[in-house]
Each structure stands twice: as C-alpha cells, then as structure tokens.
2 protein chains.
Amino acid sequence: MASGSAGFSMVQAVQMATRNHGMPLEALRYPITPTGLHYLLIHYDIPVVDEESWRLEVGGEVRRPRSLTVADLRRLDAVETCSTMECAGNGRARFDPMPASQPWLLEAVGTSRWRGVPLRSVLEEAGLGDGVVEILFTGLDRGVEGELEQSYQRSLPVSEAMREDVLLVYEMNGAPLLPQHGFPLRLVVPGWYGMTNVKWLSSVTALERPFEGYQQEHSYRFRRDEDDPGTPLTRMLPRALMVPPGIPEFLTRERLLAPGVHVLQGKAWSGHAPIAGVEVSLDGGESWEPAATSRELDSPWAWCSWTYRWEAAAGRHTVCCRASDEAGNVQPSEPGWNVGGYVNNSPQRVVVTVR
Amino acid sequence: MASGSAGFSMVQAVQMATRNHGMPLEALRYPITPTGLHYLLIHYDIPVVDEESWRLEVGGEVRRPRSLTVADLRRLDAVETCSTMECAGNGRARFDPMPASQPWLLEAVGTSRWRGVPLRSVLEEAGLGDGVVEILFTGLDRGVEGELEQSYQRSLPVSEAMREDVLLVYEMNGAPLLPQHGFPLRLVVPGWYGMTNVKWLSSVTALERPFEGYQQEHSYRFRRDEDDPGTPLTRMLPRALMVPPGIPEFLTRERLLAPGVHVLQGKAWSGHAPIAGVEVSLDGGESWEPAATSRELDSPWAWCSWTYRWEAAAGRHTVCCRASDEAGNVQPSEPGWNVGGYVNNSPQRVVVTVR
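So, how was this worked out
- Residues numbered from 1 in each chain as written.
- Chains lettered and ligands numbered in written order.
- Predicted model: local features only at pLDDT ≥ 70, side-chain atom pairs only at ≥ 80, totals over all residues.
- Helix = DSSP H or I, 4+ residues; strand = E, 2+ residues; numbered from the N terminus.
- Rg over C-alpha atoms; globule rule 2.2 N^0.38 Å.
- Contact = placed C-beta atoms within 7 Å.
- Axes fitted to C-alpha atoms, helices over the stretch in contact; angles between N-to-C directions.
- Parallel < 35°, antiparallel > 145°, perpendicular 65-115°, else oblique.
- Left-handed = near helix turned anticlockwise from the far one by under 90°.
- Nonpolar A, V, L, I, M, F, W, Y, C, P; charged D, E, K, R; others polar.
- Domains from an automatic or database assignment.
- Pairing = 2+ DSSP bridges.
- Least-squares fit on C-alpha atoms with pLDDT ≥ 70 in both.
- Buried ≥ 20, exposed ≤ 12 C-beta atoms within 10 Å, placed from the backbone.
- Arc of directions from axis to C-beta.

Visitor: Sorry, what's going on with the overall build of chain A here?
Guide: Regarding its fold elements, chain A presents five helices and 22 strands. Relative to the 2.2 N^0.38 estimate, which gives 20 Å for 355 residues, the radius of gyration of chain A is 21 Å and therefore close to what a compact globule would have. Once the C-alpha set of chain A is aligned to its principal axes, its extents read approximately 70 × 45 × 35 Å. Long-range pairs, those at least 24 residues apart, make up 72% of the contacts in chain A between residues at least 6 apart in sequence.

The following block contains the structure:
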C-alpha cells in the first residue's frame, strides 16, 4: 500500500475521500447495494437541478433534434437491469507512490437495479446521420480540471451506444435517482467503468468525429508516464472482493476472528465476460484454492457471489481472493503502476488474527 | 490544516475516510439532507440484523424488564422530529498534528426527520428503580478499540434520557432506517454530538452507577494530553458552514467564481441554544459582517439557514463564516488542540478566485 504520494497532501486526499463515498466492504453481503452505500465519485459538485425546467437535448448530427422532459422519457418503454459499477480508479491508493486523485483502496463499487429508457430508442427516434461515429454525453456538473473549466463529458462509440442494455436511467432501486446519483437522468453502460455513466445528463450529441475532450483524451487513459499517449479505459477488469471476516480494530481495520469454521463470502465481477472462477489464498497469495460461485441476480452485468469454507486455526493470516473471467482475464499479483492510478486489480489482502 | 499526523499513515486515514461518509458541503442547500448524504461514522462494521429475531432488551434496575419487537415499538405513540447531528470529531483533520482517528475536515453533519417512540414511554412502562442515575445503550456493532474487544456502548444521565424529544427511532426521512443508520432501531438525542445516538440498539439498561466503558471514559472526552482525565463531550458547540461558492477545482477543491453579486448561503446550528447570529468574513477572518438568518424547519434542534449578499470583485479571497448561540458560545479563531481531536469548530475558510 502507498507510503507516499505524488504532489498530494493528506488534506487533499482526505477532502476527496470524505466527499466521495466508498462502499463499506461488509456491504458485499447484499446482492443489491443498499441505498446510500453505493460508491460515489463526483468530479465537481452535485448540481442543483430543477426538474420542471430540465430538458435532455438530443442533437448534433441527427435528423430530428429533440428536447425531452422527464415525462417524455417516462412515456417510452422502460427497461430494468441490475448492473455492477466500479470506478476505474478503484485500487489507486494501493499504488506506491499514490497518484494524485481520489484515493480509493478497494471500496469504489456497488450494484444497483436501474430503470430507464434504452438510449437506442431515443437515438432511433432522433435519426442518426450516416457519418456518426460517436455519441457524446454532457452532464450539468461543472468544474476546473487540468486547468480547464469544463462540464463533465464522455463519449461512446455508436456500436456501444446502440446496445439494448445501455440506458438513460431515471430510477435506482425502485426510487427516483437521488441528487448524488444524477437526478433526474443519467447514463448507465453495463460493463464499463464508472466514468462512462455520465450523471445529471443535459445533452446527448451525435458526432461525426471522435470526441477529444479532457475526460476522454487526458483522464481515464492507461499511461505509463506523462509522455505516453496511453490507451483508453473501457470495460471493467475482473475483481473479487470479500466481506472482511470477524470484527475490526477501529484504527487499523485489521480483523479478529474466533478459531473454527468460518464461511468467507464475497462478490466477483468483470465487464468483459462472465466470471470463470474465484480463488482464495490463506497464506498471503502463496497458494490458492477454488471458491464456490453462484449467481443471485439474473443479469450478466451484475456481480456473482462466492463462498469458501475456512477452518480458521489460531495465528495471524493474510487472506486473499482473486477472480478470472471467461475472456481469459485474471487478477495480477503485480499491478502496473500508471500515471492516473487506474485499474489496480491486484488481489485484496485482509489481515486476520485468529484467537 | 494538518500537515502531519500522530502515528497515523495516509492509508489508515484513507481507509477510514472512504468508509465513513461525509456530507458534501453543497448539500447544505437542503433543509433535510437527502438520503445517502447524511454523514456516517461507523466505529466497527455495519452489523447483520434479522428483524424477525431482533429484540430490544429493556433491563437493569427496572421493575418490569421488557423484550420488545419492532412491532411492539410501532404500536406505541410515535413522535417525529427534525434534528441536526454532527460528529464530535468534525474538524479533526484541521488540527496539526492530526489526531489518529476519522479525519473529518468539516463534513460530518446532516439533518434528518426522525420518527420513533419517546424513550421515556419505554422507560416509564418498565419502571425505573429509585436509585437509577444513568441509562446505558448497547449497539450490535462489535470491534476492538484501545485493545479492548467491545460492543459500542454509551450512557445518558436519567434527566437527559427522560426528555420528551429523546427517541427510539425506526424511521428516517419517511422510510425504515437504512442498514448503515442503525436498522432496525437507534437512539436519537437532539442537541448532543453524534456518538450519543447509538445505532443498531440491542439493549437499554438502567444503571445505579455511572457507566465507565471505553466510549464514555476514554473516547469522547476533551483531554489536553494523555494524562488529563478530561471532560466528557455532550452537546454540539455552534458552527456555521457555507455552500462553497462557484465551481471547484478537482484536486484542490478551491473555487472559481465570476465577478458580480453572489448570494452566499449555508446553515448554522448549536446543541446548547438557538443560533444568535451568523457572520461572514471576506478577508480570511480579519473583519466580519452579519448574515441574514431564517428558520426553514420548525424544530429547535435543526439547523437554521443563512444568506449573505456578496459583491464579488476580481481577485483571490478567503471567505469565512462563524456562528454564535444564545447561550453565549462563539466559534473560536484558535481551536484547542486535544488528544482525541474533538470539537474543532474554528470557522470554515473557503479560497475563492473571482475572475
């Protein structure tokens, strides 16, 4: 874990960490993350939105530009899907030095039941021009980043935007979106890292050239150093996480557990393909044993559950878990440091004293 | 603000800060803090509670011990009240060195509409023994702190416990308590710091001698040094906070604002007495001007609102706010460092570049 950081004070780390909520790892017990426990990464501020005057502007290279109210969107056929969302920076604070950004350890994840309108319905209604290659999504949240004043913006290739399960979402877990989750409308792209799922949507714009804005061309790229143009981040790599066993020590979060049989449990997900397997190590990653996996949510985009029966003997143990997916992706023991501190999916390590 | 910390690594600070959610300060706009944005300080883990088998054990020195279900409690006359809750450690990370505990800057606050049963009804039904001096509250959350394995426990003097507005709460903002806020039952003591409001209540015990447990005699005391027995923390000292004006820079959270008239707004509260006044400084605390205050919530225990009309001229400004209450408490410019890092209510300072 990080002992130093690059140009980033403890106060800066703390002021980001206290406003950007992580999911406490014991919430891995729940198939659907309870309201208020889903992770939040808010680049700027939660904007004030007046639902009455709010409109979604559908424009750019379309035949029939549209200006839609929430009621207009609710009149279209709705779709509901469960999906797991993870921040591309999850694991950043486990790099050394820690890149200067939101200091996630492992908790930037959550699973929700999303309800909304397929983006495709809205794009087909508007009629994409023949030369359109990307769809741009603009949020109402504004701030300064990389010395640029900007609205939060991300784009998607048309092929992804036209997937049936890419939604313009107005409900989360059966209730209207909360202010912090993008009220009144957000994008949800199952399988992709969180930055894709633009909140507080104000416009959807069809482009004939790829978008080159800050969050696309500078942020959210895997870059080995400042001169590396890097590669864009897209889908979530596999990760397994466990509910930390036993009870915690307040300051260190290390665990205390009574000897005997303990069923370790957790979740695993990948945005590339179904989970192929989950493994557990009881010796800090030296040796691995398979865990049992099962699917509680009927969705290819939601995490699966896993359990492992541990006969815990007295002593101090480092318990780890890791997942692989059917596309052949595995969690690496040595993650690749990168400028933005992205996709550190090295296995979770939990120190447990059994006594 | 803190540049160092006492025996506390950045990873330890971060792992506490990401799991203990702060209220993003722009949420000071709302009279009632939206679900999921109220601050959370969870000493150990969110426990698993089965509502069917859960009971509240009312015992100790009472004439008629009781074992109550949620349905039993819901059959009693309910009371609803709005109150502001703040962590006693709010401001800790602004001490230098920063004491080793949850690193709050300013965001450990929230206001909710609580519904439940007056504790007094339950205590009167049980019949307190003549020698009872305190009521002890035990939560289901367990952990290790100060090398002691413990359930979270706090007590109240009988005089406070018998106040009409001290509630055993089962609803927050019109919905059953969320797991992280103490489902199925928690204590709410309006005016007192957050540690008093025990979550996941499992028992209420009448005591003939003052409770001397860890959270009463060691934690949550104002101690100048390790040898100082200190004084217990009880009611919230006054504090005013503002919605940071303009838009934020991502890493520093410093603000950018266009020149012209801008109405600063925020909230102010005290657990001792009504707010007497709020003042604003535009020069880092050199000079102060009065703000206008108003009451949006019809409750003596909820924060009041304030506004201040600022003609923002180009330049770099440090904007501050502070409150005083009718009991004569004021926010100090130099807070008193203490071992636990409690009650740092020195004025909020927001750096704003106007251009």
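Here the narrative resumes, following the displayed structure.
Visitor: Teacher, can you tell me more about the packing of helix 1 (residues 10-19) of chain A against helix 1 (residues 10-19) of chain B here?
Guide: How two helices sit against one another is set out by the angle between their axes and by the gap between those axes. Running from N to C, helix 1 of chain A and helix 1 of chain B cross one another at 20 degrees; their axes reach a closest spacing of 8 Å. Looking at the two axes, helix 1 of chain A sits roughly parallel to helix 1 of chain B. When you trace helix 1 of chain A past helix 1 of chain B, the crossing you get is right-handed. Across the interface between the two elements, Met10(A), Ala13(A), Val14(A), Ala17(A) and Thr18(A) of helix 1 of chain A pack against Met10(B), Ala13(B), Val14(B), Ala17(B) and Thr18(B) of helix 1 of chain B. Of the residues that constitute the contact of helix 1 of chain A with helix 1 of chain B, the class distribution is eight nonpolar, two polar and no charged.

Visitor: Honestly, unusual backbone geometry in this entry has me stumped. Any pointers?
Guide: Negative phi values dominate among residues other than glycine, just as trans dominates among peptide bonds. Residues and elements named next belong to chain A. Following Asp-96, the chain continues into Pro-97 via a peptide bond in cis, with omega recorded as 0 degrees. With respect to the helices and strands, the residue Pro-97 is situated in the loop between strand 3 (79-86) and strand 4 (109-118). Looking along the chain, the bond that leaves Phe-183 and enters Pro-184 is cis, with omega of 5 degrees. You can see Pro-184 is positioned in the loop between strand 8 (175-176) and strand 9 (186-188). A positive phi angle, close to 65 degrees, is found at Glu-147, a residue other than glycine.

Visitor: Which parts of the structure should I look at to understand the domain arrangement of chain A?
Guide: The parts lose accessible area when they come together, and the size of an interface is often stated as this lost area. Residues and elements named next belong to chain A. Splitting chain A by domain gives domain 1 (10-232) and domain 2 (239-354). Here the C-alpha centre of domain 2 lies 27 Å away from the C-alpha centre of domain 1. Every contact between the two is made by 30 residues of domain 1 and, on the other side, 27 residues of domain 2. Listed by contribution, the elements that provide at least two residues to the side of domain 1 that touches domain 2 are strand 3 and strand 11 (221-222). If you tally residues by element for the side of domain 1 that touches domain 2, the top one is strand 3, at four residues. The class makeup of the residues in the side of domain 1 that touches domain 2 is twelve nonpolar, nine polar and nine charged.

Visitor: Could you clarify how one ought to interpret the sheet that holds strand 13 (residues 239-242) of chain B in this entry?
Guide: Within a sheet, adjacent strands bond to each other through the backbone by hydrogen bonds, running parallel or antiparallel. Residues and elements named next belong to chain B. With antiparallel pairing, four strands are arranged side by side in an open sheet as 13-16-20-19. The open sheet terminates on both sides in strands that have one partner only, identified here as strand 13 and strand 19 (292-294). In this sheet, neighbouring strand axes are inclined to one another by 30 degrees on average, regardless of whether the strands run parallel or antiparallel.

Visitor: Help me understand the relation of the copies chain A and chain B in this model?
Guide: Between the two chain copies there is a screw-like relation: a rotation about an axis and a shift along it. Superposing chain A onto chain B takes a rotation of 180 degrees plus a shift of 0.0 Å along the axis, which leaves an RMSD of 0.0 Å. Read as a symmetry element, the transformation amounts to a two-fold axis. Taking the C-alpha atom as reference, chain A places Gly36(A) closest to the rotation axis, 1.9 Å from it. A shared binding surface is used by both copies, with 100% of the interface residues of chain A retained as interface residues in chain B.

Visitor: I'm lost on helix 3 (residues 119-126) of chain B in this one. Help?
Guide: Along an α-helix, a turn takes 3.6 residues, which lines up residues three or four apart on a common side. The set of residues buried in helix 3 of chain B consists of Leu119(B), Leu123(B) and Ala126(B). Taken around the axis of helix 3 of chain B, the buried residues stretch over an arc of 65 degrees, which confines them to a single face.

Visitor: Before we go on, may I ask you to explain helix 1 of chain B in this structure?
Guide: Of all ten residues in helix 1 of chain B, nine are buried, a share of seventy percent or more. Buried within helix 1 of chain B we find Met10(B), Val11(B), Ala13(B), Val14(B), Gln15(B), Met16(B), Ala17(B), Thr18(B) and Arg19(B).

Visitor: Even after reading the chapter, I still don't get the pairing of strand 3 of chain A, so can you show me in this structure?
Guide: Both faces of the sheet carry side chains from a regular strand, because those side chains alternate between them. Residues and elements named next belong to chain A. With respect to burial, strand 3 is a largely interior element, six of its eight residues being buried. Where strand 3 and strand 4 come together, eight bridges link them in antiparallel fashion. Each residue of the ladder has a partner; that of Val-79, found in strand 4, is Gly-116.

Visitor: What is the right way to look at the interface of chain A and chain B in this model?
Guide: Each partner contributes residues to the interface: chain A has 50 residues there, and chain B has 50 residues. Only helix 1, strand 5 (134-145) and strand 14 (247-248) of chain A provide two or more residues apiece to the side of chain A that touches chain B. Sorting elements by how many residues they give to the side of chain A that touches chain B places helix 1 of chain A first, with nine residues. Across the side of chain A that touches chain B, the residue classes break down as 28 nonpolar, twelve polar and ten charged.

Visitor: Looking at this model, I keep getting lost on the sheet that holds strand 16 (residues 260-269) of chain A. Mind explaining?
Guide: Residues and elements named next belong to chain A. Pairing is antiparallel across the open sheet formed by four strands, whose spatial order is 13-16-20-19. The open sheet has two edge strands with one neighbour each: strand 13 (239-242) and strand 19 (292-294). Within the sheet, the average angular offset between the axes of one strand and its neighbour, ignoring direction, is 30 degrees. Looking at chain direction, strand 13 and strand 16 are connected through four bridges and run antiparallel.

Visitor: Would you mind going over the environment of Glu326(A) with me for this structure?
Guide: Residues and elements named next belong to chain A. By secondary structure assignment, the location of Glu-326 is in the loop between strand 21 (315-325) and strand 22 (348-354). Remark: the alpha-carbon pair of Glu-326 and Pro-103, spanning 223 residues in sequence, is separated by 30 Å. Not counting the four nearest positions on each side in its chain, Glu-326 is found in contact with Ala-273, Pro-274 and Ala-276.

Visitor: Would you take a moment to explain the environment of Leu156(B) for this structure?
Guide: Along the chain, Leu156(B) turns up in strand 6 (residues 148-157). In contact with Leu156(B), other than residues within four places in its own chain, are Glu134(B), Ile135(B), Ala161(B), Val189(B) and Thr196(B).

Visitor: What's the story with the pairing of strand 5 (residues 134-145) of chain B in this structure? I'm lost.
Guide: Residues and elements named next belong to chain B. Extensive coverage of strand 5 is indicated by the burial of ten of its twelve residues. Two elements, strand 5 and strand 10 (residues 201-207), share six bridges in a ladder whose sense is antiparallel. Residue Glu-134 lies in a different strand from strand 10, and its bridge partner there is Leu-207. Summarising the sheet, strand 5 and strand 6 pair through nine bridges and their orientation is antiparallel. Counterpart to Val-144 in the pairing with strand 6 is Glu-149. Remark: two residues form the turn of the hairpin made by strand 5 and strand 6, two consecutive strands paired antiparallel; Gly-146 in that turn has positive phi of roughly 55 degrees.

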